[in-house]
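Inside the fold
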Amino acid sequence: EAAVTQSPRSKVAVTGGKVTLSCHQTNNHDYMYWYRQDTGHGLRLIHYSYVADSTEKGDIPDGYKASRPSQENFSLILELASLSQTAVYFCASSDRTGNTEVFFGKGTRLTVV
Amino acid sequence: QQKVQQSPESLIVPEGGMASLNCTSSDRNVDYFWWYRQHSGKSPKMLMSIFSNGEKEEGRFTVHLNKASLHTSLHIRDSQPSDSALYLCAASGMGYKLTFGTGTSLLVDP
């Protein structure tokens, strides 16, 4: 099965601090995604990437930056963490977008205090 | 405005019963529909996909798709306690990102 590894699995951050969430996939997939999940909102797309050194904005990019230094790695960066960014974050990958399955990592629970 | 609407928000069915979940997209650019299942504290995993009008069956699970109305439904027969989970519908089109609904929380009551 496709493997997507996220780190850390949980994190407590202080308001105004910088947070970096990391994701590594061994699927040789071109596409990688960052979603956040809040109760009542399902999964919402923050940023995605279809090639190394390039990222695209998703539906809720404000307050987040992304970095794709290689095909395997995709990071989500919160430069100034805020209370409203407390959520569970999922990284995912797929062979291409559209008609192929998306594989998810186990998630990172971020709590901003 | 959520582009993928799911109903009901929550559903309780008895063990052995039938669960029916609905999903509609308001984006006419979508071509592909997906159902993901997420157990509590776990990551979403793809359950079924459907790309053409009609019906697709895999074991106890059946999905229907009406592309004209952009409506899909998932039916689970002989529901088991292990089916208790959050069911997420998603829609995508070629070159478009995958958009999820807010989910239906299913509880199978033993």
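Our subject is the structure that appears above.
Residues numbered from 1 in each chain as written. Chains lettered and ligands numbered in written order. Predicted model: local features only at pLDDT ≥ 70, side-chain atom pairs only at ≥ 80, totals over all residues. Heavy atoms only, no water.

**Points about the overall build of chain A**
Across its full length, chain A holds 0 helices and 11 strands. Counting helices and strands in the order they occur from the N terminus, chain A gives β-β-β-β-β-β-β-β-β-β-β. Rg of the C-alpha trace for chain A: 13 Å, near the compact-globule value of 13 Å for 113 residues, within the 12% margin. Each principal axis of the C-alpha distribution contributes one length, and for chain A these read about 35 × 30 × 25 Å. By residue count, 50% of the 113 residues in chain A fall in the buried class. Accessible surface, chain A: about 5,200 Å² in total, of which carbon and sulfur atoms supply 48%. Where the 11 positive side-chain charges of chain A centre and where its 11 negative ones centre are 8 Å apart. (Helix = DSSP H or I, 4+ residues; strand = E, 2+ residues; numbered from the N terminus. Rg over C-alpha atoms; globule rule 2.2 N^0.38 Å. Buried < 20%, exposed > 50% of the residue type's maximum accessible area, 1.4 Å probe, protein only. Areas by Shrake-Rupley, 256 points an atom, 1.4 Å probe, with all protein chains shown as cover. Lys, Arg positive; Asp, Glu negative; His and termini not counted. Charge placed at Lys NZ, Arg CZ, Asp CG, Glu CD.)

**Description of the overall build of chain B**
Within chain B one finds 0 helices and 11 strands. The order of helices and strands in chain B, counted from the N terminus, is β-β-β-β-β-β-β-β-β-β-β. Expressed as lengths along the three principal axes of its C-alpha atoms, the size of chain B is roughly 40 × 30 × 20 Å. Buried residues in chain B amount to 46% of all 110 residues. A separation of at least 24 residues holds for 52% of the contacts in chain B among residues at least 6 apart in sequence. Side chains of chain B give 10 positive and 10 negative charges; the mean places of these two sets differ by 9 Å. (Contact = heavy atoms within 4.5 Å.)

**Regarding the sheet that holds strand β8 (residues 71-76) of chain B**
All names here are of chain B. Across the sheet, 5 strands lie side by side as β1-β3-β8-β7-β6; this open sheet has antiparallel pairing. Single-partner strands in this sheet number two, and they are β1 (4-7) and β6 (54-58). Geometrically, the sheet is characterised by an average inter-axis angle of 15° between neighbouring strands, direction not taken into account. Relative to β8, strand β7 (residues 61-66) runs antiparallel, the two sharing 6 bridges. Following the sheet pairing, T62 is matched in β8 by H75. (Pairing = 2+ DSSP bridges. Axes fitted to C-alpha atoms, helices over the stretch in contact; angles between N-to-C directions.)

**Some thoughts on the nonpolar core**
Within the largest apolar cluster, 24 residues are counted, with the highest numbers of intra-cluster contacts made by L74, Y87 and L106 of chain B. For this core, the elements supplying multiple residues, two or more each, are β2 (10-14), β3 (19-25), β4 (32-38), β5 (45-50), β7, β8, β9 (85-92) and β11 (104-109) of chain B. Setting aside its immediate chain neighbours within four residues, L106 of chain B contacts L11, V13, A19, I76, D83, S84, A85 and Y87 of chain B. Ranked by size, the runner-up nonpolar core spans 19 residues in total, among them L21, M32, F74 and V112 of chain A. (Core = buried A, V, L, I, M, F, W, Y, C linked by side-chain atoms within 4.5 Å.)

**Section: the interface of chain A and chain B**
Contacts between the two partners involve 20 residues from chain A, matched on the other side by 23 residues from chain B. Summed over both sides, the interface of chain A with chain B buries roughly 1,700 Å², with 60% coming from carbon and sulfur. Three residues stand out in chain A for area buried against chain B, namely L43, N99 and F104 of chain A, and they jointly supply 26% of the buried area on that side. Inspection of the region where chain A meets chain B yields 0 salt bridges. On inspection of chain A and its partner chain B, the count reaches 4 residue pairs in polar contact (both at pLDDT 80 or more). (Buried area = accessible area lost by both parts, 1.4 Å probe. Salt bridge = Lys/Arg side-chain N within 4 Å of Asp/Glu carboxyl O. Polar contact = N/O pair within 3.5 Å; in protein donor to acceptor, adjacent residues only side chain to side chain.)

**Brief notes about empty space enclosed by the protein**
Scanning all chains against the criterion turns up 1 cavity of 30 Å³ or more. Empty space within the largest cavity amounts to approximately 50 Å³. Lining the largest cavity we find 12 residues, and of these T97, G98, T100 and V102 of chain A together with L98 of chain B sit closest to its centre. Taken together, the residues of the lining of the largest cavity break down into 5 nonpolar, 5 polar and 2 charged. (1 Å grid on protein atoms, 1.4 Å probe; cavity = no way out; pocket = protein on both sides within 12 Å on 5 of 7 lines; lining within 4 Å. Points joined across faces, edges and corners; volume = space filled by probe spheres on them. Nonpolar A, V, L, I, M, F, W, Y, C, P; charged D, E, K, R; others polar.)

**Regarding the packing of aromatic side chains**
Taken as a whole and judged by the stated rule, the model has 14 aromatic pairs over all chains. Summarising the aromatic geometry, the rings of Y31 of chain A and Y50 of chain A are spaced 6.0 Å apart at their centres and angled 45° between planes, so their arrangement reads as tilted. Taken together, the positions of Y31 of chain A in strand β4 (residues 31-37) and Y50 of chain A in strand β5 (residues 43-51) put the pair 19 residues apart, joining distant regions of the chain. Here Y31 of chain A falls in the buried class, since its relative accessible area comes to 17%. For the pair Y32 of chain B and F51 of chain B, a centre-to-centre distance of 4.7 Å together with 70° between the ring planes defines the contact as edge-to-face. With Y32 of chain B in strand β4 and F51 of chain B in the loop between β5 and β6, this pair connects stretches of sequence that are 19 residues apart. (Phe/Tyr/Trp six-rings, centres within 6.5 Å; stacked < 30°, edge-to-face > 60°.)

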